[in-house]
Each structure stands twice: as structure tokens, then as C-alpha cells.
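Listed below are the residues making up each chain.
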Amino acid sequence: RPTDLSELLKEGTKESHEKAENTKFVKDFLKGRIKRELFKLATAALFYTYSALEEELDRNKEHPAIAPLYFPQELHRAEALKKDLLYFYGDNWEEAIQCSDATKAYVEQIHHLGLHQPELLVAHAYTRYMGDLSGGQILKKVAQRALHLPSDGQGVQFYMFDNVTNAQQFKQLYRARLNTLDLESEAKESIVEEANRAFRFNMEVFDELDKIGATIPDEPQGAGLPLHEGKGDIRKCPYYAAKEAATGASGCPFHTALALASRPEVKAILAAFAVAIAATVAWYLM
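Every value quoted in this text rests on a predicted model; they were computed, and no experiment measured them.

Engineer: Before we move on, can you summarise helix α2 (residues 14-21) with the specific residues and values?
Structural biologist: Turn by turn, an α-helix covers 3.6 residues, leaving residues three or four places apart pointing in a common direction. Restricting attention to buried positions, one finds in α2 the residues Ser16, His17, Ala20 and Glu21. The buried residues of α2 all sit within an arc of 135 degrees when viewed along its axis, so they share a single face.

Dropping the structure here:
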């Protein structure tokens, strides 16, 4: 049986991790089925969560269980989330957002631990930051495509770790630091238990977002096939003109492929395949 905290956390949260990956919110997100208004609410929930976590990590940065894992320049996300909220809500973003019930419960738990059991903050930091450096990178690309966000990172600053040059190496460093913590076996078990609680808090936020999402009208999609990276006129495609004149359809291989991919049965197969790959990659990188 492993005794290293990093291995205990990985093995001890495997079931919770899989459950979180299979929530409707995450599965829809991975398929690109994310409404802009719902994405904004999710960003606000993340802001409240990370603001609480990083406030408590700052408060307890000298604690022997926190100090080795204290990487504010590399990991802290609250400032990045402020930029995302500014992008989505404008200058008055602070007045435009509010802490939801599920997020409030999550935040209250983090503050409670910061005041009474700082060592258990390790569980929340591990759960959030390691996930952000792994599967979060997949979600960034999905969000940019699904919401037609600018390629310069506006709206998804949360997923961009500018001070981490190599995510895989940094995660190895973080796990090594976890394993240096001078903790009794009971304390390690408590951290694993708290990490599972963190996953449950996240799933409760996802469930709450799902319920809200059901009340948000479907957002209209652009008419017709998307053009090459969304730019240009389909009639200017060099493969288009001759065949369109004869058949009324585009002969461009790019648009033919897109037309095939737009068929419901093909979309279902591709979506399922994409979700399987994304979940596998995210878990492997963790």
C-alpha cells in the first residue's frame, strides 16, 4: 500500500475523479455544449472559490504543511479570473456577479479549514491546481472554440499559467513536495478524505449550474457551415465554383468533411470519441 501522500491522493480520489468527469456539466462542456451565460456563471463560481482558497493559503503560508506547496506566482488564479470576469461582464463585474448557494458552501468550508485545520487546505489545493494544469487545458481549447473567444486568451485567462513553463515537470515537483510533508498516517488519511470532499463540492457546483443551464434559452448558432477558421466567403473556395454550378453543393474537401460531420449520427460518434479521449488524457496527466 502506498505511503507517499501524492500516491495516496491519486488512488484515494480516483473514484471521485471519475464521478466528477462524468457529471452532465463536464460531459457537455467537453462536447462543446456550453452556453455563454452558463460559462460566465461558472467563471464567477471559480472566482469565489479561488479567492477563498488563496486567501487562506496566504494566511497560512508559514504553516509547515502549506509552505512547501506555496506557489503564488505559478498557481494562484484569482487575478486571472478577475480578467476573465472583466472580459465577460465589463467594468462593473463585481456588482454583476454573486456567490451561488453551492459555491458559498464550498467557500465556507475552505475558510473554516484555514482557521482551524490549515493542513487540510492541501487537499483543496491539490484537487484544484493539479486538475487545472491537466484537464483544464483541454477545457480551455473547448471553450475558445465553442464560445468563439479571441485566440489571444481573453475570457480564458484562468486556464493560462504564464509562470509555469512545463506543466508536467511542475506537477512532478508539486507531488515531490507533497511527499516531503512531515505528516502522520492519520493526517494523510484526513487529507485524502478532504480531497474527496472537495470533489463533492465541485460536483454540487456542477449540478447547480446544470439546473441553471436548463433555464437559459439555447443560443443561436451561426447559419450554414463554418468556413475555414470562421473566415472568408465559401464561394471563394477554389474547389467550390465548378461543382456548385453543377450540383448546388460545395466540392471543397473541407466543407464536404464538415457537412458529413454535421450529420446527427456522425456527431454523436465523434462526441463520444472526443469525451473518451479527453477524460483519458486528463486522468493520465493527473
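Engineer: Quick rundown of the layout of surface pockets? Include the residues and the values.
Structural biologist: Space left empty within the atom packing is revealed by a probe, the size of a water molecule, rolled over the atoms. Considered as a void within the structure, the second largest pocket measures approximately 310 Å³ in volume. As for the second largest pocket, its lining consists of 17 residues, of which Gln73, His76, Arg77, Glu79 and Ala80 are closest to the centre. Broken down by secondary-structure element, the contributors of at least two residues to the lining of the second largest pocket are α4 (36-59), α5 (72-75) and α6 (78-89). Per-element accounting of the lining of the second largest pocket gives the leading share, five residues, to α6. The class makeup of the residues in the lining of the second largest pocket is five nonpolar, five polar and seven charged.

Engineer: Lay out the pattern of salt bridges in plain terms, naming residues and giving numbers.
Structural biologist: Considering all chains together, one arrives at nine salt bridges under this definition. With a shortest N-O distance of 3.1 Å, Lys40 and Glu37 are connected by a salt bridge. Separated by three residues within a single helix, Lys40 and Glu37 lie in helix α4, roughly one turn from each other. A salt bridge links Arg197 to Glu194, with the shortest nitrogen-to-oxygen separation between them at 2.3 Å. Within this pair, Arg197 and its partner Glu194 are both found in helix α12 (residues 185-213), separated by three residues, close to a single helical turn. Note on Arg197: relative accessible area 25%, which makes it partly exposed. Among the ionic contacts, a cluster of salt bridges with common partners joins Glu55, Glu56 and Arg59.

Engineer: Account for the packing of aromatic side chains, naming residues and giving values.
Structural biologist: Within this structure, the stated rule accounts for 13 aromatic pairs. Taking 5.6 Å as the distance between ring centres and 65 degrees as the angle between the ring planes, the aromatic pair formed by Phe39 and Phe88 counts as edge-to-face. Taken as a pair, Phe39 in helix α4 and Phe88 in helix α6 lie far apart in primary sequence, 49 residues in all. Comparing Phe39 with Phe88 shows no difference in burial state: the two are buried. With a centroid separation of 4.9 Å and 70 degrees between ring planes, the pair formed by Phe158 and Tyr159 is classed as edge-to-face. Grouping residues by exposure puts Phe158 and Tyr159 together as buried.

Engineer: Which residues make up empty space enclosed by the protein, and what are the values?
Structural biologist: Evaluation of the coordinates by the stated rule reveals two cavities of 30 Å³ or more. By volume, the second largest cavity is sized at about 90 Å³. Lining the second largest cavity are 13 residues, with Leu57, Leu69, Tyr70, Ala125 and Tyr174 sitting closest to its centre. Breaking the lining of the second largest cavity down by element, the ones donating at least two residues are α5 and α9 (121-133). Considering every element that reaches the lining of the second largest cavity, the biggest residue donor is α9, with four residues. For the lining of the second largest cavity, the per-class residue count stands at 12 nonpolar, one polar and no charged.

Engineer: Please give an account of the packing of α4 against α12 that cites residues and values.
Structural biologist: The relative placement of two packed helices is expressed as an angle between their axes plus a distance between the axes. At a minimum axis separation of 10 Å, α4 and α12 run at an interaxial angle of 150 degrees. Compared by their axis directions, α4 and α12 come out roughly antiparallel. The two elements α4 and α12 cross, and the hand of that crossing is right-handed. Each of Leu38, Leu41, Ala42 and Ala45 in α4 lies in contact with α12, whose residues at this interface are Val205, Leu209, Ile212 and Gly213. Here the contact of α4 with α12 is built from residues that sort into seven nonpolar, one polar and no charged.

Engineer: I'd like a rundown of the nonpolar core, residues and numbers included.
Structural biologist: Core analysis: the biggest nonpolar cluster contains 69 residues, and Phe25, Phe39, Val122, Tyr174 and Leu178 have the highest contact counts within it. Among the elements that take part in this core, α4 stands out by supplying 11 residues, more than any other. In contact with Tyr174, not counting residues within four places along its chain, are Leu69, Phe71, Leu75, Ala125, Tyr126 and Met130.

Conventions we followed
- Residues numbered from 1 in each chain as written.
- Predicted model: local features only at pLDDT ≥ 70, side-chain atom pairs only at ≥ 80, totals over all residues.
- Heavy atoms only, no water.
- Buried < 20%, exposed > 50% of the residue type's maximum accessible area, 1.4 Å probe, protein only.
- Helix = DSSP H or I, 4+ residues; strand = E, 2+ residues; numbered from the N terminus.
- Arc of directions from axis to C-beta.
- 1 Å grid on protein atoms, 1.4 Å probe; cavity = no way out; pocket = protein on both sides within 12 Å on 5 of 7 lines; lining within 4 Å.
- Points joined across faces, edges and corners; volume = space filled by probe spheres on them.
- Nonpolar A, V, L, I, M, F, W, Y, C, P; charged D, E, K, R; others polar.
- Salt bridge = Lys/Arg side-chain N within 4 Å of Asp/Glu carboxyl O.
- Phe/Tyr/Trp six-rings, centres within 6.5 Å; stacked < 30°, edge-to-face > 60°.
- Axes fitted to C-alpha atoms, helices over the stretch in contact; angles between N-to-C directions.
- Parallel < 35°, antiparallel > 145°, perpendicular 65-115°, else oblique.
- Left-handed = near helix turned anticlockwise from the far one by under 90°.
- Contact = heavy atoms within 4.5 Å.
- Core = buried A, V, L, I, M, F, W, Y, C linked by side-chain atoms within 4.5 Å.

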